[in-house]
Amino acid sequence: MDLESWTPVDNARRLATLIAVGAAMFSLMALWLGAAWHPLLALLAAALTGVLVWAASFRLLRSLLRR
């Protein structure tokens, strides 16, 4: 795979995915172990957090990397 052929949108998508997975895992552990939520409810909230963080970070990174 040629890393130089990636477009700025590809880079933004991959970085946004990494950031979103990290945020979702952090929120899962915080809600499940820290706040003592039921594991399935914490998983659902973490998935929602991951989707929201991905959408926000993708837009931000796409605008920053296109410059």
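You'll find the structure just up there.
Residues numbered from 1 in each chain as written. Predicted model: local features only at pLDDT ≥ 70, side-chain atom pairs only at ≥ 80, totals over all residues. Heavy atoms only, no water.

Q: Mind showing me how you'd approach the packing of aromatic side chains here?
A: The geometry of an aromatic ring pair is captured by two quantities: the separation of the ring centres and the angle between the planes. Evaluated as defined, the whole model comprises one aromatic pair. A centroid spacing of 4.9 Å and a plane angle of 5 degrees characterise the contact between tryptophan 54 and phenylalanine 58, whose relative ring orientation is stacked. Taken together, the residues tryptophan 54 and phenylalanine 58, both in helix α2 (residues 39-65) and four residues apart, mark about one turn of the helix. (Phe/Tyr/Trp six-rings, centres within 6.5 Å; stacked < 30°, edge-to-face > 60°. Helix = DSSP H or I, 4+ residues; strand = E, 2+ residues; numbered from the N terminus.)

Q: Before we go on, may I ask you to explain the pattern of salt bridges in this structure?
A: If the charged atoms of two oppositely charged side chains come close together, the side chains can form a pair. Within this structure, the stated rule accounts for one salt bridge. Between aspartate 10 and arginine 13 there is a salt bridge whose closest N-O contact spans 3.2 Å. Taken together, the positions of aspartate 10 and arginine 13, both in helix α1 (residues 8-34) and three residues apart, correspond to about one turn of that helix. The class of arginine 13 is partly exposed, set by a relative accessible area of 36%. (Salt bridge = Lys/Arg side-chain N within 4 Å of Asp/Glu carboxyl O. Buried < 20%, exposed > 50% of the residue type's maximum accessible area, 1.4 Å probe, protein only.)

Q: When you look at unusual backbone geometry in this model, what are you seeing that I'm missing?
A: Most peptide bonds are trans, and most residues other than glycine sit at a negative phi. Of note, alanine 36 is a non-glycine position whose phi angle comes to about 60 degrees, a positive value. Within the secondary structure layout, alanine 36 lies in the loop between α1 and α2. Residue alanine 36 is classed as exposed on the basis of its relative accessible area, which comes to 63%.

Q: I would appreciate a short explanation of the environment of alanine 20 in the present structure.
A: Within the secondary structure, alanine 20 is located in helix α1. Through-space distance from the C-alpha of alanine 20 to that of alanine 56 is 9.4 Å; in sequence the pair is 36 residues apart. Not counting residues within four places of it along the chain, the set of residues in contact with alanine 20 comprises Gly50, Val53 and Trp54. (Contact = heavy atoms within 4.5 Å.)

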